[in-house]
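Residue-level structural notes
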Amino acid sequence: MSKDRYRQRYHLSPPYGFMNDPNGVSFYKGIYHVFYQWNTNFPGEKQIHWGHFSSDDMINWKHGKAVLAPVDWYDKNGCYSGSAIKYNDKLYAFYTGNVKDEKNIRSAYQCLAISADGFEFEKYDKNPLIDGAPKGYTPHYRDPKVWLDENGKGFMVIGAQRENRTGTVVLYTSTNMLDWKFKGEISDKKLGFMWECPDLFKLDGHDVLIFCPQGLEPEGDLYNNRYQCGYMVGNMDLENGKFDSGDFVELDRGFEFYAPQTVSLPDGRKILYAWMGMPEEEDHPSVEDNWVHCMTMPRELDISRGKLIQKPVGEIERLKENKVESGPMEIREGHIKIPEFAGESVNIKMLLKNKGAKEFGVYLKASNDLQENTMIKVNSDTNKIELNREKSGLWGSGIRRAQLKSADSVELDIYLDKSSVEVFVNGGEEVFTARIFPSREGICFGVFANGGAVEMVKGEKSDM
Ligand code: FRU
C-alpha cells in the first residue's frame, strides 16, 4: 500500500506528523502564509512547532521548514497557537509558549517572533511579552490573535480560563506591539470551562468573535462534538474593552472543525481556515501512514441577517476540471445512481426539489451496493438536514443535524476529497465538515427519496 492512501488532494495536510490549528494566517509581501501547529514527533512525545505552507495564489502551496521550534525556556513544551500581522514592514508572529515543570505544572507565556520575508523568523530577544497569566486566571491562557486599528494601535485577544474554571476572552492593547497592557475580559457569557483560539474582527459593519468554548453540554442537535467552535455577532467597544453580543452559534454543523483563524485580504475579503480535526482525536486510519489531520478549504465569510455565511473562496474554481451535468430527473421512492458523479476528489453541486418525499438526499462516496455510504438526508417533516457517517467506511460514526427554514428545495455544494467532505448548504448558510475514510470501492454517488419523489433540478460535477 502506498503511504498516501488517505492523502488529500486539495486540502493542506502535514507531510508527516500531527497537524492541528492554523496559525499566523496572513498575506505578506504578495504571499499567502498558513502556519500551523505541527507535532513533528507524533506519535512520540509532543514537540509542537509552527509548520509552514506558502502560496502565491491560495491554490498551489509549498510546504517549507518549520519556522518556530520549542527550544527556548519559555516555549519548551510547545510553540502553541497564535497569529501574524504586518507591522513596520515586518511580519510579527505572536504565539503562546507552553511550559511544563517537573511536576507537570503549566505556564503560558505570550511570545513574539519577527520575520522580514515570511520564511525565516527570529524569536524576540526579550521574550516573553506577557509573562504568565494575571491574577484570577489559570495557566490555560493562550492563542493570541493580534490586529491593528487605523491609527496603528495594537490589540490582542487571548483565550482564558478564570480561576473558577470558566472560560472567557481577555483583551490587551499596545502602542508598539512589544509592551502589552491588560484591559480585562471582553465577555461574560457563560459558556464552558475554557475558550480557545479567539478571533475578533469586523465584518460587514458588525463585530464578530469566533472562539472555541470547551465544556458545553449537548443540547439536542447542538454541541455534540467533544469541543465546540462558533461565534457571536455584536458590537465591540474597544475603548471600554466590552463586547456586547448576541448568542453563541456553532460555525459548522459537522464533526471535525476547530480552531479557525481569519485573515483580511487587501481586496477586502475575509478568509477563514480551520483545522479539520477535533482535539483528542488521534485514531484516524492515516496514523498508520504517519500523518494525521488537515485543514479545511479556505472559505470566504460574509454576514447575512446576523448569521455568518461561509463559501469556498473563488480561487477554488480554478481547480475544477472535466465538468459534467445531469438532470433534470425525478427520483421516486428509492434511489438512482449517477455514475458520472462518482469520484474520489470531486465537487458536486445540485438543487433538489421536494415533490412529496418524506425524506430525500444523496449518498456520497458509497460502495457499489450503496451499503457503505456517507449520507446527506433532508427530512421534510422537521425541515432538518443531516450528515450521517454511520456507514462511511473504515472510520467514523455518528449523525449531525441542522435546522433549515424549509425543505421544499435544498441547494447542495459538496466538496469531496480523498478523506473528507465539506457540504455547503443553501449558499453557505450551513456547512457540514467531516473526515471520512471510505474503503477502496467507496466512490459511488446516488440520489434517494423515501415516501414520495424528489427532483434533481440540475446537478453538476467537476473533478478536483
Ligand atoms: C486548540 C489548542 C490551542 C493550543 C494548541 C496547542 O486546538 O489546544 O488552544 O494553542 O491547540 O497545540
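Residues numbered from 1 in each chain as written. Predicted model: local features only at pLDDT ≥ 70, side-chain atom pairs only at ≥ 80, totals over all residues.

1. What to know about the sheet that holds strand E19 (residues 258-264)
Strand order in this open sheet of 4 strands is E19-E20-E22-E23, and the pairing throughout is antiparallel. Two strands close off the open sheet at either side, each with one partner strand: E19 and strand E23 (307-312). Across this sheet, the average inter-strand angle for adjacent strands is 40°, counted without regard to direction. One ladder, built from 5 bridges, connects E19 with strand E20 (residues 270-275); its direction is antiparallel. Along E20, the bridge assignment pairs Tyr-258 with Trp-275. (Pairing = 2+ DSSP bridges. Helix = DSSP H or I, 4+ residues; strand = E, 2+ residues; numbered from the N terminus. Axes fitted to C-alpha atoms, helices over the stretch in contact; angles between N-to-C directions.)

2. Overview of the site of the ligand
Around the ligand lies a shell of 14 residues, among which Gln-37, Tyr-80, Ser-81, Glu-196 and Ala-259 are the nearest. Those elements that provide at least two residues to the shell around the ligand are strand E1 (17-28), strand E5 (79-87), strand E10 (137-148), strand E14 (194-203) and E19. Partitioning the shell around the ligand into residue classes produces 6 nonpolar, 4 polar and 4 charged. (Near = placed C-beta within 6 Å. Nonpolar A, V, L, I, M, F, W, Y, C, P; charged D, E, K, R; others polar.)

3. Some words on the domain arrangement of the protein chain
Structurally, the protein chain comprises domain 1 (17-316) and domain 2 (321-463). Relative to domain 2, the C-alpha centre of domain 1 lies at a distance of 32 Å. Contact with domain 1, which involves 19 residues of that partner, is made by 21 residues of domain 2. Class assignment of the residues belonging to the side of domain 1 that touches domain 2 gives a composition of 8 nonpolar, 5 polar and 6 charged. (Domains from an automatic or database assignment. Contact = placed C-beta atoms within 7 Å.)

4. Concerning the pairing of strand E27 (residues 359-366)
Of all 8 residues in E27, 7 are buried; the element is thus mostly enclosed. Here 6 bridges tie E27 to strand E28 (residues 373-379), and the two strands are oriented antiparallel to one another. Each residue of the ladder has a partner; that of Tyr-363, found in E28, is Met-375. Where E27 folds back onto E28 in an antiparallel hairpin, the turn is made up of 6 residues, including Leu-370, whose phi is positive at roughly 65°. In this sheet, strand E34 (residues 444-463) lies alongside E27 in antiparallel orientation, the contact comprising 6 bridges. Within E34, the position partnered with Val-362 by the bridge is Val-447. (Buried ≥ 20, exposed ≤ 12 C-beta atoms within 10 Å, placed from the backbone.)

5. A closer look at the sheet that holds strand E21 (residues 291-292)
Ordered by their spatial adjacency, 5 strands build an open sheet running E4-E3-E2-E1-E21, and the pairing between neighbours is mixed. Of all the strands in the sheet, just strand E4 (61-63) and E21 have a single pairing partner and so form its edges. Two strands pair when backbone bridges link them, and strand E2 (residues 31-39) and strand E3 (residues 48-55) are joined in this way by 8 bridges, in the antiparallel orientation. Each bridged residue has a counterpart across the sheet, and for Phe-35 the counterpart in E3 is His-52.

6. Digging into the UniProt feature "domain: Glycosyl hydrolase family 32 N-terminal" (unreviewed entry) in the protein chain
UniProt annotation of "domain: Glycosyl hydrolase family 32 N-terminal" (unreviewed entry) refers to residues 11-312 when read in the numbering used here. A helix fraction of 0% and a strand fraction of 53% characterise residues 11-312, whose end C-alpha atoms lie 12 Å from each other. (UniProt positions renumbered as here; feature names shortened; annotations may be inferred.)

7. Description of the environment of Glu-340
Its place among the elements puts Glu-340 in the loop between strand E25 (329-337) and strand E26 (346-355). Expressed as a C-alpha distance, the spacing of Glu-340 and Phe-445, which sit 105 residues apart in the sequence, is 8.4 Å. Those residues within four positions of Glu-340 in sequence are excluded, and the remaining contacts are Val-324, Ser-326 and Lys-461.

8. Some points on the environment of Trp-195
Residue position: Trp-195 is located in strand E14. A residue is classified by how many C-beta atoms lie within 10 Å of it, and Trp-195, with 28 of them, is buried. Every residue in contact with Trp-195, bar those within four places of it in the chain, is listed here: Gly-159, Ala-160, Gly-167, Thr-168, Val-169, Phe-211, Cys-212 and Pro-213.

9. A short note on the UniProt feature "domain: Glycosyl hydrolase family 32 C-terminal" (unreviewed entry) in the protein chain
The feature "domain: Glycosyl hydrolase family 32 C-terminal" (unreviewed entry), as given by UniProt, occupies residues 341-456 in the numbering adopted here. Taken as a whole, residues 341-456 contains 0% helix and 62% strand, while its terminal C-alpha atoms sit 13 Å from one another.

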